[in-house]
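Next come the chains, spelled out residue by residue.
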Amino acid sequence: MSWRRLRTLMRREVLATFRDPFTLTILVAVPLAALLVFGFVLSTEVKHLALGVLDAADTSASRRLVADLAAKGTFDPRPYATREALQRALVSGDVGAAIVIPPDFDRRLGDPRSANQPPQVQVIYDGGEAVLAGNAEGFLRSLVATSVADLKKEQPSPAAPQNRGGVEVVTRAVFNSRLDGKPFMVSGTFGFVLSFLTVLITAVSIVNEKLTGTFEQLQVTPATSMEILLGKILPFGGVFALDVVLMVLVAGVVLHVWPAGSMLFFVVVSAFYVLVSLALGLIISATSETAAEAVQKTVLLSIPLVQLSGFAFPIRNMPLLVRWLTEVFPATHYIRVSRGIYLRGEGPIALLPELMLLVLFGVVLMAYALRSIEARR
Amino acid sequence: MKRSGHSFWSNVAAVAYKEATVLRHDKALLAAVFIQPMIMLLLFGTALSNTPANVPWAVLDESRGATSRRFVADIQATGYFLAPRAVPSYDAGHALLKNGGALAFLVIPQSFRRDVERGRPQVQLLLDGSDPLSAARIGAYIGQVGSAFNAIPSPSDHRPDDAVRSAGLIDVRQRFWFNPTLRDRDFFLSALAGMLLTNLCLSAMSLGLVAERELGTFEQMLALPTTPTEIVLGKLVPYVAVSYLVMLFAILGAGLGFGIWPQGSWLALLVVTLPFVLGSLGIGVFVSALAHTSAQAVFISVFFILPSFVLSGVLFPYQFMPPGVREIGAIFPLRWYQIALRRIVERGAGLTEIAIPMLALVIFVSVVLAAVRWRLKPRLG
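In this convention, every chain numbers its residues from 1, walking through the sequence in written order. Here every chain gets a letter starting at A, and every ligand a number starting at 1, in the order they are written. At least 70 in pLDDT is required for a residue's local features to be given in this predicted model, at least 80 for side-chain atom pairs to be given and counted, and no such filter applies to totals for whole chains, interfaces and linings, which use all residues. The side-chain quantities take in all heavy atoms of the structure and omit both hydrogens and water.

K.L.:
How do you make sense of the packing of aromatic side chains when you look at a structure like this?
P.N.:
One pair of aromatic rings is described through two measures. These are the centre distance and the angle between the planes. Residue and element names in this part refer to chain A. Between rings of Phe, Tyr and Trp, where Trp is taken as its six-membered ring, a pair exists when centres lie within 6.5 Å; planes separated by under 30 degrees are stacked, by over 60 edge-to-face, and by other angles tilted. What the rule picks out here adds up to 19 aromatic pairs over all chains. Judged by centre distance (4.3 Å) and plane angle (5°), the rings of Tyr273 and Tyr334 are stacked. One end of the pair, Tyr273, is in helix H10 (residues 263-286); the other, Tyr334, is in helix H13 (residues 330-344), and 61 residues separate them in sequence. Neither Tyr273 nor Tyr334 differs from the other in exposure class; each is buried. Numbering of helices and strands starts at the N terminus; helices are DSSP runs of H or I of at least 4 residues and strands are runs of E of at least 2. Here's how the labels work: a residue is buried when its accessible area is under 20% of the maximum for its type, exposed when over 50%, partly exposed in between, all with a 1.4 Å probe on protein chains only.

K.L.:
Whenever I open this one, the environment of Ser309 of chain A confuses me. Can you help?
P.N.:
Residues and elements named next belong to chain A. Looking at the element boundaries, Ser309 is found in the loop between helix H11 (291-307) and helix H12 (320-326). Owing to a relative accessible area of 2%, Ser309 belongs among the buried residues under this scheme. Sequence spacing of Ser309 and His333 is 24 residues, and the spatial spacing of their C-alpha atoms is 8.0 Å. Once residues lying within four places of it in the same chain are set aside, the contact partners of Ser309 are Pro304, Ile315, Ala331, Thr332 and Ile335. In this description, contact between two residues means that some pair of their heavy atoms is separated by no more than 4.5 Å.

K.L.:
I tried to follow the nonpolar core on my own but got confused; where do I start?
P.N.:
Among soluble globular proteins, nonpolar side chains are generally buried collectively. By nonpolar core we mean a set of buried residues, namely Ala, Val, Leu, Ile, Met, Phe, Trp, Tyr and Cys, connected to one another through side-chain atoms within 4.5 Å. Judged by nonpolar contacts, the single largest core of 186 residues is most densely connected at Ile99, Phe190, Leu197 and Tyr342 of chain A together with Phe44 and Tyr337 of chain B. Contact partners of Tyr342 of chain A, with chain neighbours within four places excluded, come to Val186, Ser187, Phe190, Val248, Ala251, Val257, Trp258, Pro259, Ala260 and Phe266 of chain A. Counting residues in each nonpolar core, the second largest holds 25 residues, with Val59, Leu106, Val123 and Leu125 of chain B among its members.

K.L.:
Looking at this structure, I do not really get the interface of chain A and chain B. What am I missing?
P.N.:
How big an interface is tends to be reported as the loss of accessible area on association of its parts. Between chain A and chain B, the residue contacts involve 95 residues of the former and 103 residues of the latter. Criterion for a salt bridge: a side-chain nitrogen of Lys or Arg within 4 Å of a carboxyl oxygen of Asp or Glu. Remark: the boundary between chain A and chain B carries 3 salt bridges. Here Arg316 of chain A and Asp131 of chain B are joined by a salt bridge, their closest N and O atoms 4.0 Å apart. Two N or O atoms count as a polar contact when they lie within 3.5 Å, although within protein this holds only if one can serve as hydrogen donor and the other as acceptor, and sequence-adjacent residues are included solely when both atoms are side-chain atoms. If you look at where chain A meets chain B, you find 3 residue pairs in polar contact (both at pLDDT 80 or more). Broken down by element, the residue count for the side of chain A that touches chain B peaks at 13 residues, all from helix H6 (residues 130-154) of chain A.

K.L.:
Teacher, can you tell me more about the side chain of Glu227 of chain A here?
P.N.:
Inspection of the secondary structure puts Glu227 of chain A in helix H9 (residues 225-255). Look past the residues within four positions of Glu227 of chain A in its chain and what remains in contact with it is Met1, Ser2, Arg5, Leu6 and Leu9 of chain A.

K.L.:
What exactly am I supposed to notice about the packing of helix H7 (residues 182-212) of chain A against H10 of chain A here?
P.N.:
Geometry of a packed helix pair, given as the angle between the helix axes and the separation of the axes. Residue and element names in this part refer to chain A. To obtain an axis, a line is fitted to C-alpha atoms, over the contacting stretch when the element is a helix, and the angle between two such axes runs from 0 to 180 degrees between their N-to-C directions. The geometry of H7 relative to H10 is characterised by a closest axis approach of 8 Å and an angle of 40° between their N-to-C directions. When the axes of H7 and H10 are compared, the pair comes out oblique. Judged by the sense of rotation from one axis to the other, the crossing of H7 with H10 is right-handed. Contact with H7, carried on its side by Phe190, Leu194, Ser195, Thr198, Val199, Thr202, Ala203, Ile206, Val207 and Lys210, involves Phe266, Ser270, Tyr273, Val274, Ser277, Leu278, Leu280, Gly281, Leu282, Ile284, Ser285 and Ala286 of H10 and no other residues of that element. Residues are grouped as follows: Ala, Val, Leu, Ile, Met, Phe, Trp, Tyr, Cys and Pro are nonpolar; Asp, Glu, Lys and Arg are charged; every other residue, Gly included, is polar. A class-by-class count of the residues in the contact of H7 with H10 yields 14 nonpolar, 7 polar and 1 charged. Reported orientations rely on four angle classes, namely roughly parallel under 35 degrees, roughly antiparallel over 145, roughly perpendicular from 65 to 115, and oblique for the rest. Crossing chirality is assigned from the near helix's rotation relative to the far helix, an anticlockwise turn below a right angle marking it left-handed and a clockwise turn marking it right-handed.

K.L.:
Is there a simple way to think about the confidence of the model for chain B in this case?
P.N.:
Fine structural detail should not be taken from predicted coordinates in areas where pLDDT scores are low. All names here are of chain B. How sure the predictor is of each residue is captured by pLDDT, a score from 0 to 100. When pLDDT is averaged along chain B, the result is 81; 88% of the residues meet or exceed 70. In this model residues 154-167 is a low-confidence stretch, pLDDT under 50, and it forms 15 contacts with partners more than four residues away in sequence or in other chains. Two numbers describe this predicted complex: its pTM, 0.79, and its ipTM, 0.77.

K.L.:
I tried to follow helix H2 (residues 21-41) of chain A on my own but got confused; where do I start?
P.N.:
In an α-helix, one turn spans 3.6 residues, which is why side chains three or four residues apart end up on the same side. Multiplying 1.5 Å by the residue count of a helix minus one yields the expected span of that helix. Across its 21 residues, H2 of chain A extends 30 Å between first and last C-alpha, which sits within 8% of the 30 Å expected from 1.5 Å per residue. Within H2 of chain A the residues assigned to the buried category are Thr23, Ile26, Leu27, Val30, Pro31, Ala34, Leu35, Val37, Phe38, Gly39 and Val41 of chain A. Each element contacted by the buried residues of H2 of chain A is listed here: helix H1 (3-19), H7 and H9 of chain A together with helix H13 (294-312) of chain B.

K.L.:
What's the story with the pattern of salt bridges in this structure? I'm lost.
P.N.:
Pairs can form between side chains of opposite charge whenever their charged atoms are close. All told, the structure shown has 13 salt bridges over all chains when counted by the stated rule. Arg347 of chain B is the partner of Asp126 of chain A in a salt bridge, and the nearest nitrogen-oxygen pair spans 2.5 Å. On the criterion of chain membership, the pair formed by Asp126 of chain A in strand S4 (residues 120-126) and Arg347 of chain B in the loop between helix H15 (333-345) and helix H16 (355-380) is interchain, its members lying in two chains. The pair formed by Asp126 of chain A and Arg347 of chain B is uniform in burial state, with each residue classed as buried. Within this structure, Arg12, Glu13 and Lys232 of chain A form a network of salt bridges that share partners.

K.L.:
Quick question: what am I supposed to make of a nonpolar patch on the surface here?
P.N.:
Within this analysis, patches are made of residues with over 30% relative accessible area and no salt bridge. Like charges are joined at 9 Å or less; nonpolar side chains (Val, Leu, Ile, Met, Phe, Trp, Tyr) at 5 Å or less. Only the protein chains shown count as cover for residues, and the accessible areas themselves come from Shrake-Rupley with a 1.4 Å probe. Taken together, the side chains of Leu36, Phe40, Val245, Leu249, Val253, Val254, Trp258 and Met263 of chain A make up a nonpolar region of the molecular surface, amounting to roughly 670 Å² of accessible area. By the secondary structure assignment, Val254 of chain A is in helix H9.

K.L.:
How should I be thinking about the environment of Tyr239 of chain B in this particular structure?
P.N.:
Residue and element names in this part refer to chain B. Examined against the element boundaries, Tyr239 turns out to sit in helix H11 (residues 228-258). Considering only alpha carbons, one finds Tyr239 and Met205, 34 residues apart in sequence, at a separation of 7.6 Å. When sequence neighbours within four positions are dropped, the list of residues in contact with Tyr239 reads Glu19, Leu23, Ala204, Met205, Gly208 and Leu281.

K.L.:
Can you walk me through the packing of H7 of chain A against H13 of chain B in this structure?
P.N.:
At a closest axis distance of 11 Å, the pairing of H7 of chain A and H13 of chain B adopts a crossing angle of 160°. Between H7 of chain A and H13 of chain B, the crossing angle belongs to the class labelled roughly antiparallel. The interaxial crossing formed by H7 of chain A with H13 of chain B has right-handed handedness. For the pair H7 of chain A and H13 of chain B, the contacting residues are Phe192, Phe196, Leu197, Leu200, Ile201 and Val204 of chain A in the first and Ala295, Val298, Phe299, Val302 and Leu306 of chain B in the second. In terms of residue class, the contact of H7 of chain A with H13 of chain B is built from 11 nonpolar, no polar and no charged.

Rendered as structure tokens:
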């Protein structure tokens, strides 16, 4: 391998990249757009969810309950007069949940024997919006429980019912006490952008070179396959390393998400992962005849990338067989590392097994990319 | 225009015939039409879910009593959790949370037994908040086990079910309509057609047009006695047909494979798909007008597909998004199409219930078609 030839190849690549304003725009705009879009999208907070209310009791106590539900802006109550109207609202999706307060709500509330027969309310959720209903459920239950407990205290009932059971669970989240969705999504977005964009850009760049014939020209020069490979991925690697730094800064300044661990460690690991991913792009393009084919392969590859890498859905929740399958994607391991550093501040020692796997992926993919370039000569 | 209507439609038909022939021989498109829906159907049907499962957790039981063991067993019985890992100290549990070995860490204090007798038992639950969606759900599950837990099973309770239910101050009877078990599968699969059609219409249409321009066949067509409108219409027809095929595939696949049949009107389904497909294809035409090469067309399409998946609510509920972001999502036709799809498929809606999403889609189509006309003019002049 000649260092001089490699340097020439790299210079060529850098010039070609920076000459093309479109590629440059993509390199800056896609990561930033992805960060902002994904950063804001995941939230567990139920806010202003339309709640249908059928208040058959219509007493001061039941109105208090409804007012309590609206108080924190969690639910926006909308009154309905009949059950049919409420049903229609649920079917048309006007309300995401509904609460029905029976006429005997007050009587049961004031009843001293109410420990045996507590007031009853019915809550109906729109299960069609499964995620929403799942999260709203917890909020609604605790709001109703608190509100009724308050009402109960104010009731001039002689025999305050003894709490016969129940264990109070005092919950606290460590690492992200407000359960903010941004850090989780930001650390995953690195995995998505670095995997998808690298593969797409190399694939397109090589196929375009094939179309214009410069790839054939390269192969008749004295440059070895290794030099061609490195000449292709090192400049791109450098560009993407800059991209990583840019993303870290934007995530920090705009979204206020900084890595909990070492920033230098994160950038180094990400730069290495970019090389792994670029090798994958080389393989795709070396095995494709046309740009459309390379692109189609990349897009097909991006489905498991988004959905099986743990970026959008926790791998834990998948069936066993699929969980094994996810381990085959380098992105899965990179996202684990990225989350480890960003969310839990882990260092190289804790992440060693995942890092070793990434290195292994890198070696295998590079070797395969080299072979597929050689096969073309 | 002096030409007769007859010639107009025969020109459209001719272009459509030519386009259909091209499509039939496009292997990449066939892959997009057949492989992608299969993968998505299988993934969403069997693998992907937001419902916690196999959750690793740790327990520090300082009371070591029968009651605390029963409480742990009750949590275990919800089925979301792996077998709990007993840790010897608070620090050990915290360390497990930190290295990801546990998502939840339950601390049962030494005084638990005594507190149960006094009627104020309390336990502490630490959650790994780094995955907020899972953490919120797990916290809610354990909290519910706690509030339903009958700490003192008294012998006078003849019917234990009643005792558990009336343990609290209020009896909340919950029901989940349309999807009683809150399966994520139903949520995703009912909107699958929207995801597939967005992918197909945008990338296929824009790539097809750009490829023609690259090959020079678009110029040849302009030289023929066809008007731009005829060309665009003729090109749209086969894509609309393919889109309906894909839509039917998604609906039948979800029905045959996973038993999720549309509860509402099939007519509404067919009607609402048309403006969505036309709108998406229109964006594809627009993208092709902006792009010079097929690579650029792909990048621009991805730029549109990505946010429309994320912000429309097909994957993440849009109701959770902060104001502002929620409104941005309303720009994308997929938002309105998925609302309509979910209403029809899950809630059994008919034409009247989907009037608003339908209206939004029609407005969208008109805007896009106007934009396409405006943008295509200079090129064709």
